[in-house]
Amino acid sequence: MGRPRRNTGFRTSPGILDMALQIMGSSADTMTSLERLLVMSFDESTIDPHVTYDSTNDAVYGPNDKIQVVMVRSLCSHWKQPVFFDSNNDVPRTFQ
């Protein structure tokens, strides 16, 4: 028997992760100014170019050859959060 999957109920789609931004905005009210100090990082990775079927969402993904991820991370606290991901598309100017 395998380990239970913690993210089974989590659903998202490529693009700007609006829900993550909303949660971060409401959480900022309880953070100190140092905890709100953050850095934004951009990452592009090569991924498997094959087509994949996701039976949970009944969706087909691919073929893709790269994924773009934008992550924000606190400089003075222990939190990080992806705020964007997409495959085979550039990061939108919103983040540049």
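Below you will find a few notes about this structure. Every value quoted in this text rests on a predicted model; they were computed, and no experiment measured them. (Residues numbered from 1 in each chain as written. Predicted model: local features only at pLDDT ≥ 70, side-chain atom pairs only at ≥ 80, totals over all residues. Heavy atoms only, no water.)

**With respect to the overall build of the protein chain**
- Tallying secondary structure elements over the protein chain gives one helix and six strands in all.
- Its helices and strands in sequence order give the protein chain the pattern β-α-β-β-β-β-β, from N to C terminus.
- For the protein chain, the proportion of its 96 residues judged to be buried stands at 19%.
- Nonlocal contacts in the protein chain, meaning residues at least 24 apart in sequence, comprise 51% of its contacts between residues at least 6 apart.
- Here the protein chain has roughly 7,600 Å² of accessible surface; of this, 54% comes from carbon and sulfur atoms. (Helix = DSSP H or I, 4+ residues; strand = E, 2+ residues; numbered from the N terminus. Buried < 20%, exposed > 50% of the residue type's maximum accessible area, 1.4 Å probe, protein only. Contact = heavy atoms within 4.5 Å. Areas by Shrake-Rupley, 256 points an atom, 1.4 Å probe, with all protein chains shown as cover.)

**Considering the pairing of strand 6 (residues 80-87)**
- Relative to strand 6, strand 1 (residues 15-16) is paired through two bridges, and the arrangement is antiparallel. Bridging across to strand 6, I16 finds its partner in F84.
- As defined by bridge partners, strand 5 (residues 66-74) adjoins strand 6 across seven bridges and the pair is classed as antiparallel. Looking at strand 6, one finds that V70 is bridged to F84.
- Between the antiparallel neighbours strand 5 and strand 6 lie five residues. (Pairing = 2+ DSSP bridges.)

**A few points about a nonpolar patch on the surface**
- On the surface, a nonpolar cluster with roughly 360 Å² of combined accessible area is contributed by L34, L37, V39 and L75.
- Structurally, L37 is set in the loop between helix 1 (18-28) and strand 2 (38-46).
- Under the relative-accessibility criterion, L37 is labelled partly exposed at 41%. (Patch = residues over 30% accessible without salt bridge, like charges linked within 9 Å, V, L, I, M, F, W, Y side chains within 5 Å. Salt bridge = Lys/Arg side-chain N within 4 Å of Asp/Glu carboxyl O.)

**Section: the sheet that holds strand 2**
- Spatially, 1-6-5-2 is the arrangement adopted by the four strands of the open sheet, whose pairing is antiparallel. Two strands close off the open sheet at either side, each with one partner strand: strand 1 and strand 2.
- Here helix 1 sits on the sheet and contacts strand 1, strand 5 and strand 6; the angle it forms with strand 6, its principal contact strand, is near 165 degrees. (Axes fitted to C-alpha atoms, helices over the stretch in contact; angles between N-to-C directions.)

**Digging into the environment of K66**
- If you trace the backbone, K66 turns up in strand 5.
- Non-local contacts of K66, meaning those with residues more than four positions away in its chain, are made with E44, S45, T46, I47, D86, S87, N88, N89 and D90.

**Some thoughts on the nonpolar core**
- Among the nonpolar cores identified, the biggest contains seven residues, and these are M24, V70, V72, W79, V83, F84 and V91.
- Among the secondary structure elements, those contributing two or more residues to this core are strand 5 and strand 6.
- Among residues more than four places away in sequence, those in contact with W79 are M24, M31, E35, L38, V72, R73 and S74. (Core = buried A, V, L, I, M, F, W, Y, C linked by side-chain atoms within 4.5 Å.)

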